[in-house]
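Listed here are the chains, written in short residue letters.
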Amino acid sequence: LASVRGWSRGHPAYRLLLAYERIAIRLPDVTIAVSGRMEQYGRAIGVGRIVRIPNAVDSDFWTPRPGPANGSAKAILVPRMHVPKNGIEYAIEAMRSIARRARDARMIVTGDGPLRESLEAMGRDIGEDRVAFPGMVSPEDLREMYRRADVVLIPSVTASGTQENTSLAALEAM
């Protein structure tokens, strides 16, 4: 179950997506919601049969590193798409304070999206070598980044009424 909830009414595709949502809710025999909040939303808009199945990841693939950190520079991984609801700007702003206290700390922000350019500008203000933006990475590379990270940071905010359900990135990092 997904929704147009959170899209601004001024967005060009809002009415089209809302109409599609209203038609699409009548088509499936069963609808899957990944959270209680999405289940409630589905019931409120008239979805018939809803089954709640929480998000999950392959725990055989997404395994943590076998031991403690190796003592190298402190790495903070932010594996997020660059969209407003993910609040990456707050992570980068926090990095400004972290960088003053931990001279070897580095932040790696994976993913991509419409906010990338402004987020990169924020990162440059902290220091060219302090915040890296490798873009989209393969699952194998991301798994290695999780394993090398000292901290995995999953910022999330309510943006335009949109709230995150269970973050796959958080589940992968565990």
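The rules behind these values
Sequence order as written defines the numbering, with residues in each chain counted from 1. Local features in this predicted model are restricted to residues whose pLDDT is 70 or higher, and side-chain atom pairs enter the listing and the counts only when it is 80 or higher, whereas totals over whole chains, interfaces and linings include all residues. Just so you know, side-chain values use all the structure's heavy atoms and leave hydrogens and water out. Working definition: with a 1.4 Å probe on protein chains only, accessible area under 20% of the residue-type maximum means buried, over 50% means exposed, and in between means partly exposed. What counts as a helix is a DSSP run of H or I of at least four residues, what counts as a strand is a run of E of at least two, and both are numbered from the N terminus. By arc we mean the arc of the directions from the helix axis to the C-beta atoms, nothing more. The contact criterion used is simple: two residues touch if any of their non-hydrogen atoms lie within 4.5 Å. Note that patches include only residues with greater than 30% relative accessible area and no salt bridge, and the join distances are 9 Å for like charges and 5 Å for nonpolar side chains (Val, Leu, Ile, Met, Phe, Trp, Tyr). Throughout, the Shrake-Rupley method with a 1.4 Å probe supplies accessible areas, and for residues the shown protein chains are the sole cover considered. The rule for a salt bridge is simple: a side-chain nitrogen of Lys or Arg has to be within 4 Å of a carboxyl oxygen of Asp or Glu. In plain words, nonpolar cores are sets of buried Ala, Val, Leu, Ile, Met, Phe, Trp, Tyr and Cys residues tied together by side-chain atoms within 4.5 Å. By this definition, two strands are paired if DSSP reports at least two bridges between them. Each aromatic pair joins two rings of Phe, Tyr and Trp (for Trp, the six-membered one) with centres within 6.5 Å, and gets the label stacked for planes under 30 degrees apart, edge-to-face for over 60, and tilted for any other angle. The criterion for a charge sitting over a ring is simple: Lys NZ or Arg CZ within 6 Å of the ring centre, and within 35 degrees of the ring normal.

Asks: What is the right way to look at helix 5 (residues 139–148) in this model?
Replies: Given 3.6 residues per turn, any residue in an α-helix points the same way as the ones three and four places further on. Among the residues of helix 5, L142, R143, M145 and Y146 are the ones counted as buried. All buried residues of helix 5 lie within an arc of 160° about the axis, which places them on one face of the element. At its buried positions, helix 5 is contacted by strand 3 (75–79), strand 4 (106–110), strand 5 (131–135), strand 6 (151–152) and helix 6 (168–173).

Asks: What am I meant to see in a nonpolar patch on the surface here?
Replies: A cluster of nonpolar side chains, V30, I32, V51 and I53, forms an exposed patch at the surface whose accessible area comes to about 280 Å². Tracing the backbone shows I53 in the loop between strand 2 (50–52) and strand 3. Taking the relative accessible area as the measure of exposure, I53 reaches 42% and is therefore partly exposed.

Asks: What's the story with the nonpolar core in this structure? I'm lost.
Replies: Most often, soluble globular proteins have nonpolar side chains that are buried together. The biggest cluster of nonpolar side chains holds 14 residues, and the ones touching the most others in it are V78, I92, M95, M107, V109 and V131. Of all the secondary-structure elements, those providing two or more residues to this core are strand 3, helix 3 (88–101), strand 4, helix 4 (116–126) and strand 5. The element that contributes the greatest number of residues to this core is helix 3, accounting for 5 residues. Not counting residues up to four positions away in its chain, the partners in contact with V109 are V78, H82, I88, V131, A132, F133, P134 and G135. Among the nonpolar cores identified, the runner-up in size contains 8 residues, and W62, L142, A149 and A169 belong to it.

Asks: Looking at this model, I keep getting lost on the sheet that holds strand 5. Mind explaining?
Replies: Across a sheet, paired strands are connected by hydrogen bonds in the backbone, their directions being either parallel or antiparallel. With parallel pairing, 4 strands are arranged side by side in an open sheet as 5-4-3-6. In this open sheet, the two edge strands, each paired with only one partner strand, are strand 5 and strand 6. Across 5 bridges, strand 3 lies against strand 4 in parallel orientation. Within the sheet, the bridge partner assigned to L77 lies in strand 4 and is I108.

Asks: What is the right way to read the packing of aromatic side chains from this model?
Replies: Any aromatic ring pair is given by two values, namely how distant the centres are and how the planes are angled relative to each other. Considering all chains together, one arrives at 2 aromatic pairs under this definition. Measuring from centroid to centroid gives 4.9 Å for F61 and W62, while their planes differ by 85°, and the two rings are edge-to-face. Take F61 and W62: they sit in the same class, and that class is buried. Summarising the aromatic geometry, the rings of W62 and Y146 are spaced 5.6 Å apart at their centres and angled 75° between planes, so their arrangement reads as edge-to-face. Taken together, the residues span a long stretch of sequence, with W62 in the loop between strand 2 and strand 3 and Y146 in helix 5 at a distance of 84 residues. For the pair W62 and Y146, a shared accessibility class is recorded, and that class is buried. Linked through ring pairs, F61, W62 and Y146 together constitute an aromatic cluster. Seen from the ring of F61, R143 lies directly overhead, with NZ or CZ sitting 3.9 Å from the centre.

Geometric descriptors of this kind do not, in isolation, establish any biological role.
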